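Inside the fold
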Amino acid sequence: MNRLSIIAPEAIDILERRYLILKTVAFRQPVGRRTLAAELGLSERIARSELDIMKGLRLLNSDNMGMYVTDSGLELLESLDEAYNSIKGIPELTERVIKAIGVKCLMVVPGDSSTSNLVLAEMGRSAAEILKKKLDGRDIVGVTGGSTMAVVADVITSEKRYPDVTIIPARGGLGTDIYTQSNSIAAKIGQALGAKYRLLYLPDSMGEDAKRLALGNEEIKEILKMIDHMRVLLFGIGRADTMARRRTLPESKFDDLMRNNAVAEAFGHYFDISGRDLWEYKTVGLSLETYLKVPEVIGVAGGTEKAEAIIAVSSIRKDMTLVIDEAVANRILEIKN
């Protein structure tokens, strides 16, 4: 498909533009023309022209609430996904990144999730589909917090019910935004899958005295035991500097981590790009030791600023599944080459 761009680059441009219009309307519907044009960076004139053509092809409909994708449009959209990925060179890019960082399985979503909510949602949907394929029997599934994981929880859907699966937060709470808390994410995913879910009413970090008191609670002890017996882990990959700021680490410790080239944080540990463990911040929940034993691990991250963190985390465990976007995939190759 890429060879089409040599003989008819304008055809590729039109196909990509109309594909993204369909995809965005399907994601946003009902959506107005101005909102759509702004999200895709199109002039209103071009947006109006393209929308008129696609309405004529019966791919879109509109009413006073906005535009919708028709059943025919949804069918076409599904059939175009593979072609669009081929045009963007995603299969080749995926293979190159797998060779560069050595992970078992990699899903690359076209675009840049740091600038497009549509791409972020696609990453969430991809991670959700991978998760569902890995569920088997009475699984315990651990999930972490964060903005990317919150999107996964928002977009996951399932006609199949999983009454024997239990979704749990893999970590204690961090920060004040309830939307990105691991408890909220575990509950949303559990509800979407028709699964059971449990909550962990503890902060990510706490003093030893407070921790000893908390561990006397039978419900908390049970959740922590379940964390040690997870079969599947779904987690977001964090930058070292971002996570250090969220934890409000002292400036001296922050500066020390940066001097030692910390680029990633996972489960309270801070790593350099080679995966060397620089420092551990004592947290409640999943430990690095337990992480290395979880049978199925799915990491999700996007945006060029996450490239070094992804490289670091993937070096810790090669048999993981990664869901990333095109932008960070290209950045990873720049760093590795």
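Structure's up top.
Reading guide: rules and limits
- Residues numbered from 1 in each chain as written.
- Predicted model: local features only at pLDDT ≥ 70, side-chain atom pairs only at ≥ 80, totals over all residues.
- Heavy atoms only, no water.
- Pairing = 2+ DSSP bridges.
- Helix = DSSP H or I, 4+ residues; strand = E, 2+ residues; numbered from the N terminus.
- Contact = heavy atoms within 4.5 Å.
- Axes fitted to C-alpha atoms, helices over the stretch in contact; angles between N-to-C directions.
- Phe/Tyr/Trp six-rings, centres within 6.5 Å; stacked < 30°, edge-to-face > 60°.
- Buried < 20%, exposed > 50% of the residue type's maximum accessible area, 1.4 Å probe, protein only.
- Lys NZ or Arg CZ within 6 Å of the ring centre and 35° of its normal.
- Salt bridge = Lys/Arg side-chain N within 4 Å of Asp/Glu carboxyl O.
- Core = buried A, V, L, I, M, F, W, Y, C linked by side-chain atoms within 4.5 Å.
- Parallel < 35°, antiparallel > 145°, perpendicular 65-115°, else oblique.
- Left-handed = near helix turned anticlockwise from the far one by under 90°.
- Nonpolar A, V, L, I, M, F, W, Y, C, P; charged D, E, K, R; others polar.

**Structural notes on the sheet that holds strand β5 (residues 166–169)**
The seven strands lie next to each other as β3-β13-β12-β7-β4-β5-β6, forming an open sheet whose pairing is parallel. Edge positions in the sheet fall to β3 (105–109) and β6 (196–197), since each has one partner strand and no second. Inspection of the sheet shows strand β4 (residues 140–143) paired to β5 by four bridges, in the parallel sense. In the strand pairing of β5, Ile-140 is matched with Thr-166. Most of the contacts of helix α6 (residues 90–101) go to β3, to which it runs at about 135°, and overall it touches β3 and β13 (321–325).

**Comments concerning the packing of aromatic side chains**
Under the counting rule described, the total for this entry stands at six aromatic pairs. The interplanar angle of 35° and the centroid separation of 5.8 Å between the aromatic rings of Tyr-270 and Trp-279 together place this pair among those described as tilted. Taking relative accessible area as the criterion, Tyr-270 reaches 0% and is therefore assigned buried. In this structure an aromatic cluster arises from ring pairing among Phe-235, Phe-267 and Tyr-291. The lysine or arginine in question, Arg-245, covers the ring of Phe-254, its NZ or CZ lying 3.7 Å from the ring centre. The ring of Tyr-291 has Arg-317 sitting right over it, with the charged end atom 5.8 Å from the ring centre.

**A closer look at the pattern of salt bridges**
Oppositely charged side chains may form a pair once their charged atoms are brought near each other. Scanning the model with the defined rule gives 29 salt bridges in all. Glu-50 is the salt-bridge partner of Arg-17, the closest N and O atoms lying 2.7 Å from each other. Of this pair, Arg-17 sits in helix α2 (residues 9–28) while Glu-50 sits in helix α4 (residues 44–56), and the two are 33 residues apart along the sequence. Note on Arg-17: relative accessible area 26%, which makes it partly exposed. Of the charged contacts, one joins Glu-39 and Arg-28 as a salt bridge, the two residues approaching to 3.0 Å between their closest N and O atoms. Taken as a pair, Glu-39 in helix α3 (residues 33–40) and Arg-28 in helix α2 lie far apart in primary sequence, 11 residues in all. The structure contains a network of salt bridges with shared partners spanning Lys-23, Asp-81, Glu-122 and Arg-125.

**Let's talk about the nonpolar core**
Counting residues in each nonpolar core, the largest one holds 47 residues, and the members touching the most others are Val-97, Met-230, Leu-233, Phe-235, Tyr-291, Leu-322 and Ile-324. By size, the runner-up hydrophobic cluster in this structure holds 29 residues, among which are Ala-127, Ile-130, Ala-153 and Ile-189.

**Concerning the sheet that holds strand β8 (residues 238–239)**
Taken together, the four strands give an open sheet; going across it, the order is β8-β9-β10-β11, and neighbouring strands pair in antiparallel fashion. Lying at the two open borders of the sheet, with one neighbouring strand each, are β8 and β11 (277–280). Across three bridges, the pairing between strand β9 (residues 264–266) and strand β10 (residues 269–271) is antiparallel. Paired with Ala-266 across the strands is His-269, a residue of β10. The strands that helix α15 (residues 307–316) touches are β8, β9 and β10; relative to β9, the one it contacts most, it runs at about 45°.

**Observations regarding the packing of α6 against helix α16 (residues 326–336)**
Two numbers describe how α6 lies on α16: the axes approach to 10 Å, and their chain directions differ by 45°. As the angle between them shows, α6 and α16 are arranged oblique. Crossing angle aside, the handedness with which α6 passes α16 is left-handed. Of α16, the residues touching α6 (which contributes Ile-90, Leu-93, Arg-96, Val-97, Ala-100 and Ile-101) are Glu-326, Ala-329, Asn-330, Ile-332, Leu-333 and Lys-336. Of the residues belonging to the contact of α6 with α16, the class tally is eight nonpolar, one polar and three charged.

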